[in-house]
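Observations on chain architecture
These are the residues of each chain, in order.
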Amino acid sequence: MAKTNMINRDIKRRALATKYRVRRDELRAKVRSLKTSDEGRHEAMVALQKLPRDSSRSRERNRCGLTGRSRGFYRKFGLSRMKLRELIMKGVVPGVLKASW
């Protein structure tokens, strides 16, 4: 099981990312746009830099839904490799079979 403070930190990051998503997308569009002036682009860049760091989606971490483990995460199932293997062996995960040849 992952440390609860790490899990809570990631939950806060996800909340901040959803809160600032629209504002961040607008500013990034201004920076990328060729129609905006250099001054407008600079102002948008400064405003983007003033947003909280944790509001960026790249700061989020994928974690196992059962244990909170961050490494060995399978996005398709939302589980870490160890819990996924346990559930596959029990036959709980539909459509997945143990390979044997």
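This structure is a prediction, so every number in the text was calculated from the model and none was measured.

**Details of helix α3 (residues 81-90)**
Inspection of α3 places L84, L87 and I88 among the buried residues, and these make up the whole buried set. For α3, the buried positions fall inside an angular range of 105° around the axis, keeping them on one side. In α3, the exposed residues that point more than 90 degrees away from the buried face are R85 and K90. In this structure, the buried residues of α3 make contact with β1 (73-74) and β2 (79-80). Remark: G91 follows α3 within two positions and exhibits a positive phi of approximately 85°.

**Observations regarding the side chain of S80**
Structurally, S80 is set in strand β2. Setting aside anything within four residues of it in sequence, one finds S80 in contact with C64, T67, R69, R71, G72, F73 and Y74.

**Thoughts on the pattern of salt bridges**
Counted under the stated rule, the structure contains six salt bridges. The partner of R14 in a salt bridge is D10, with the nearest N and O atoms 3.3 Å apart. Separated by four residues within a single helix, R14 and D10 lie in helix α1 (residues 4-32), roughly one turn from each other. The class for R14 is partly exposed, based on a relative accessible area of 34%. Across the pair R14 and E60 runs a salt bridge whose closest N-O atoms are separated by 3.1 Å.

Rules behind the numbers
Residues numbered from 1 in each chain as written. Predicted model: local features only at pLDDT ≥ 70, side-chain atom pairs only at ≥ 80, totals over all residues. Heavy atoms only, no water. Buried < 20%, exposed > 50% of the residue type's maximum accessible area, 1.4 Å probe, protein only. Helix = DSSP H or I, 4+ residues; strand = E, 2+ residues; numbered from the N terminus. Arc of directions from axis to C-beta. Contact = heavy atoms within 4.5 Å. Salt bridge = Lys/Arg side-chain N within 4 Å of Asp/Glu carboxyl O.

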